[in-house]
Amino acid sequence: MLKGAGQIGRLLPTHPRYRALHSKLVPARNAQTRVMTSLSSQRSLTNLIVVGDVHGLWDESDVRALEILRPDALVFVGDIGNQDVELIERVSALKESYNLVAVLGNHDAWYTLTERGRKRAIKNALQSSNLKHFTSLGDTGAYTKQQILDMLEALGEAHVGYSNLAFDGVRASFAGGRPFSKGGVQWSAVKDFYETYYGVSSMEESGERILDALMADGGAMPLVVVAHNGPSGLGSHKHDPCGVDFMEPEDDFGDPDLEEALETAYMSCGRHAALVLFGHMHHRLKYGGLRNMVSVDERMGAVYLNAAVVPRVVHVDGNEGEAGKRKRTKRHFLRVLVGKERVERAENVWVEVTEDQADEGCPDRAGSMLETVSLAEEDTECILERISDNQYRIFKAHTNEWIDITFDH
Ligand SMILES: [Fe+2]
């Protein structure tokens, strides 16, 4: 039986274990505290670089940024574009250089996931000058279905939705939640999609598929779960990691099938994720304020990280690159350092890209761009650090404070 909102990280205040845990919590620290540690002292760690919801903002400068970030594994949590096959193919090409892991999001099936999306495709086709292209493929349904298949084929094994993956030399194994999730408990709107592409006919069946993926490896390495939307059970306020902020009432919008699979793996054989990575619910709340992007399960020490800092590309000085001028942007990545068994640290990393129009007076280079890609220590913002065997310090963006969380061993 699925729970609408589960027990992960929560116990009733009257429960004796809750009181024991609560008494261990250290009062909130200075809001401005920044926990910085030199990366050079942490070479034995696995360096995961996570790209939150891209929403079309990915170009060659981001590929250059990866050369600086040097990931042991590169993780995309979906919503790369609006069913943008060409962009997915560019991301897929990163397999040549990196250990790539991805789970696509609801936007990646923008014209296919729901009836509303399929109508959107028909409307676009009718308005498109490319109508011949659609009709030559039979109908918009056939066209958009082929797009989904093309995206999944391009990603291949790197797409870990309902599956799992490990890489030689990387001390972590990866398992995927439900691909293309749009969040919440409603199944009817997406029923046809999951039956067509995955043979999954209910939320319960979906939970079983995720559980199979979680249990597929032997448990020797830290398990990293990747999903587009996080699990339910992380709180029902709009500022919680999976809380809904775009409609009333505020509620837990996490995936119940993912929560159920995580819970069952833990309760049945003690198998737990060291890390659960996801996106979907953006860090800026629709009606103001910031979302808490970090959570820690107090029983098993699993770390939950929402990577959806959107937009992931920001202009630094308001200059959006008029002709002949300097254009400076910062691009967001989430860096997670994983130790032998647990996450050790997570930080937002903003890589700066400066593009200068080459000197018009130089005939060889007139019109070309000079690009600098750089990362300064002040452009990293720690959001989680392990401070002892069984304690994490995490940043709560909603209240701009740090708290310490003790977990059971
Ligand atoms: Fe999404």
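Numbering of residues starts from 1 in each chain and follows the order in which that chain's sequence is written. Local features are withheld for residues below a pLDDT of 70 in this predicted model, meaning they are given only at 70 or higher, and side-chain atom pairs are given and counted only at 80 or more; totals for whole chains, interfaces and linings count all residues. Calculation of side-chain values draws on the structure's entire complement of heavy atoms; hydrogens and water are dropped beforehand.

Caption draft 1: Quick peek at the overall build of the chain. Counting from the N terminus, the helices are the DSSP runs of H or I reaching at least four residues and the strands are the DSSP runs of E reaching at least two. Per the secondary structure count, the chain includes nine helices and 18 strands. The buried label goes to any residue with under 20% of its type's maximum accessible area, the exposed label to any with over 50%, and the partly exposed label to all in between, with areas taken from a 1.4 Å probe on protein chains only. A total of 409 residues make up the chain; the buried ones form 52% of that total. Contacts were defined at the residue level, with two residues in contact if any of their heavy atoms lie within 4.5 Å. A sequence separation of at least 24 residues applies to 69% of the contacts in the chain between residues at least 6 apart. Approximately 18300 Å² of the chain is accessible, and the part contributed by carbon and sulfur atoms is 49%. In this description, accessible areas are obtained by the Shrake-Rupley approach with a 1.4 Å probe, and a residue is regarded as covered only by the protein chains that are shown.

Caption draft 2: The packing of aromatic side chains, seen in detail. Here a pair means two rings of Phe, Tyr or Trp (six-membered ring of Trp) with centres within 6.5 Å. Their orientation is stacked below 30 degrees between planes, edge-to-face above 60, and tilted elsewhere. In the structure shown here, the tally under the stated rule is twelve aromatic pairs. With centroids separated by 5.2 Å and ring planes inclined at 25 degrees, the aromatic side chains of W187 and Y194 adopt a geometry described as stacked. Note on accessibility: W187 and Y194 belong to one class, buried. Grouping aromatic residues by their ring pairs yields a cluster made of Y162, F180, W187, F193, Y194, Y197 and Y198. A positively charged side chain is recorded as over a ring if its NZ (Lys) or CZ (Arg) lies within 6 Å of the ring centre. The angle to the ring normal must also be within 35 degrees. Above the plane of the ring of Y162 lies R209, whose end atom (NZ or CZ) is 4.8 Å from the centre. Over the ring of F333 we find R312, and its NZ or CZ is 4.9 Å from the ring centre.

Caption draft 3: Local environment of a negative patch on the surface. Together, E204, E205, E208 and D212 make up a region of like negative charge exposed at the surface. With respect to the secondary-structure elements, E204 resides in helix α8 (residues 203-215). Only residues whose relative accessible area exceeds 30% and that form no salt bridge enter a patch; like-charged residues are grouped when within 9 Å of one another, and nonpolar side chains (Val, Leu, Ile, Met, Phe, Trp, Tyr) when within 5 Å. Here a salt bridge means any side-chain nitrogen of Lys or Arg lying within 4 Å of a carboxyl oxygen belonging to Asp or Glu. Here Asp and Glu are counted as negative and Lys and Arg as positive; His is not counted, and neither are the chain ends. Charged groups are reduced to one reference atom each: NZ for lysine, CZ for arginine, CG for aspartic acid, CD for glutamic acid.

Caption draft 4: Spatial organisation of the coordination of the iron ion. Shown as donors are all N, O and S atoms within 2.8 Å of a metal ion, widened to 3.2 Å for Na, K and Ca; because water is not in the atom set, sites may appear incomplete. In the first shell of the iron ion, the protein supplies D79 (OD), N106 (OD1), H228 (NE2) and H280 (ND1), at 2.1 to 2.3 Å from the metal. In short, tetrahedral needs four donors with all angles between 85 and 135 degrees, square planar needs four and octahedral six donors with opposite donors over 155 degrees apart and all other angles between 65 and 115, and whatever is left is irregular. Here the iron ion binds four donor atoms, and the angle range of 86 to 158 degrees at the metal identifies the geometry as irregular.

Caption draft 5: Structural detail: helix α2 (residues 60-69). Among all positions of α2, only S61, D62, A65, L66 and L69 are buried. Along the axis of α2, the buried residues cluster in a sector spanning 155 degrees; they form a single face. The outward face of α2, more than 90 degrees from its buried face, is lined by the exposed residues E60 and E67. Contacts from the buried residues of α2 go to β1 (46-51), β2 (73-76), β13 (327-338), β14 (343-357) and β15 (369-374). Taking the backbone nitrogen of S61 as reference, a side-chain oxygen 2.9 Å away marks D59 as the first, capping residue of α2. Backbone geometry just after α2 places R70 at a positive phi near 45 degrees. As used here, the arc belongs to the directions running from the helix axis to the C-beta atoms. For the purposes of these results, a polar contact is taken to be a pair of N or O atoms within 3.5 Å, where, inside protein, one atom must be able to donate a hydrogen and its partner to accept one; residues adjacent in sequence count only when each atom of the pair is a side-chain atom.

Caption draft 6: Region of interest: the nonpolar core. Side-chain atoms within 4.5 Å link the members of a nonpolar core, which is a set of buried Ala, Val, Leu, Ile, Met, Phe, Trp, Tyr and Cys residues. Residues W58, F76 and Y194 are the most contacted members of the largest nonpolar core, which totals 59 residues. Setting aside residues no more than four positions away along its own chain, Y194 makes contact with L113, Y162, R178, P179, F180, S181, W187, G199 and V200. Within the second largest apolar cluster, 38 residues are counted, among which are V77, V294, A307 and I383.

Caption draft 7: Spatial organisation of the environment of C382. Mapped onto the fold, C382 is located in strand β16 (residues 380-388). We classify C382 as buried; its relative accessible area is 7%. On a C-alpha basis, the gap between C382 and V336 in space is 9.9 Å, while along the polypeptide they are 46 residues apart.

Caption draft 8: Layout of unusual backbone geometry. Cis geometry is found at the peptide bond from E248 to P249, where omega equals -10 degrees. Mapped onto the elements, P249 comes out in the loop between β7 (243-244) and β8 (251-252). The omega torsion of the bond from V310 to P311 falls at 0 degrees, within 30 degrees of zero and hence cis. Secondary-structure assignment places P311 in the loop between β11 (303-306) and β12 (313-315). Unlike most non-glycine residues, Y162 shows phi in positive territory, near 60 degrees. By the secondary structure assignment, Y162 is in the loop between α6 (140-155) and β4 (164-166). Backbone geometry at N400 places phi at a positive 55 degrees, although glycine is not the residue there.

Caption draft 9: Representation of the pairing of strand β17 (residues 391-396). Across the six residues of β17, five count as buried, placing the element largely inside the fold. DSSP calls a pair of strands paired once it identifies at least 2 bridges connecting them. In terms of strand pairing, β16 meets β17 through four bridges, oriented antiparallel. Each bridged residue has a counterpart across the sheet, and for E385 the counterpart in β17 is R393. Between the end of β16 and the start of β17, which pair antiparallel, lie two residues. Across six bridges, β17 lies against strand β18 (residues 401-406) in antiparallel orientation. Residue pairing for β18: Y392 is matched across the bridge by I405.

Caption draft 10: The confidence of the model for the chain, seen in detail. pLDDT measures how confident the predictor is about each residue, on a scale from 0 to 100. Summary statistics for the chain give a mean pLDDT of 85 and a share of 82% for residues scoring 70 or more. In this model, residues 1-42 is a region of pLDDT below 50 whose contacts with residues beyond four sequence positions or in other chains number 78 contacts.

Caption draft 11: Spatial organisation of the packing of helix α3 (residues 85-92) against α6. Where helices are involved, their axes are fitted lines through C-alpha atoms of the stretch in contact, as for all axes, and angles between N-to-C directions lie from 0 to 180°. Two elements in contact, α3 and α6, have axes whose closest approach is 9 Å; the angle formed by their N-to-C orientations is 10 degrees. In this view, α3 runs roughly parallel relative to α6, as classed from their interaxial angle. Across from V85, I88, E89 and S92 in α3, the residues of α6 making contact are Q147, D150, M151, A154 and L155. Grouping the amino acids of the contact of α3 with α6 by side-chain chemistry returns five nonpolar, two polar and two charged. An angle counts as roughly parallel when it lies under 35 degrees, as roughly antiparallel when it exceeds 145, as roughly perpendicular when it falls between 65 and 115, and as oblique in every other case. Under the grouping applied here, Gly and all other residues not named as nonpolar or charged are polar, the nonpolar ones being Ala, Val, Leu, Ile, Met, Phe, Trp, Tyr, Cys and Pro and the charged ones Asp, Glu, Lys and Arg.

Caption draft 12: Local environment of the side chain of N348. By the secondary structure assignment, N348 is in strand β14. Classification of N348 by relative accessible area gives buried; the value is 12%. Looking at N348, its side chain comes within polar contact range of the side chain of H332, at 2.8 Å. Once residues within four sequence positions are removed from consideration, N348 is found in contact with V309, H332, F333, L334, D379, T380, E381 and I383.

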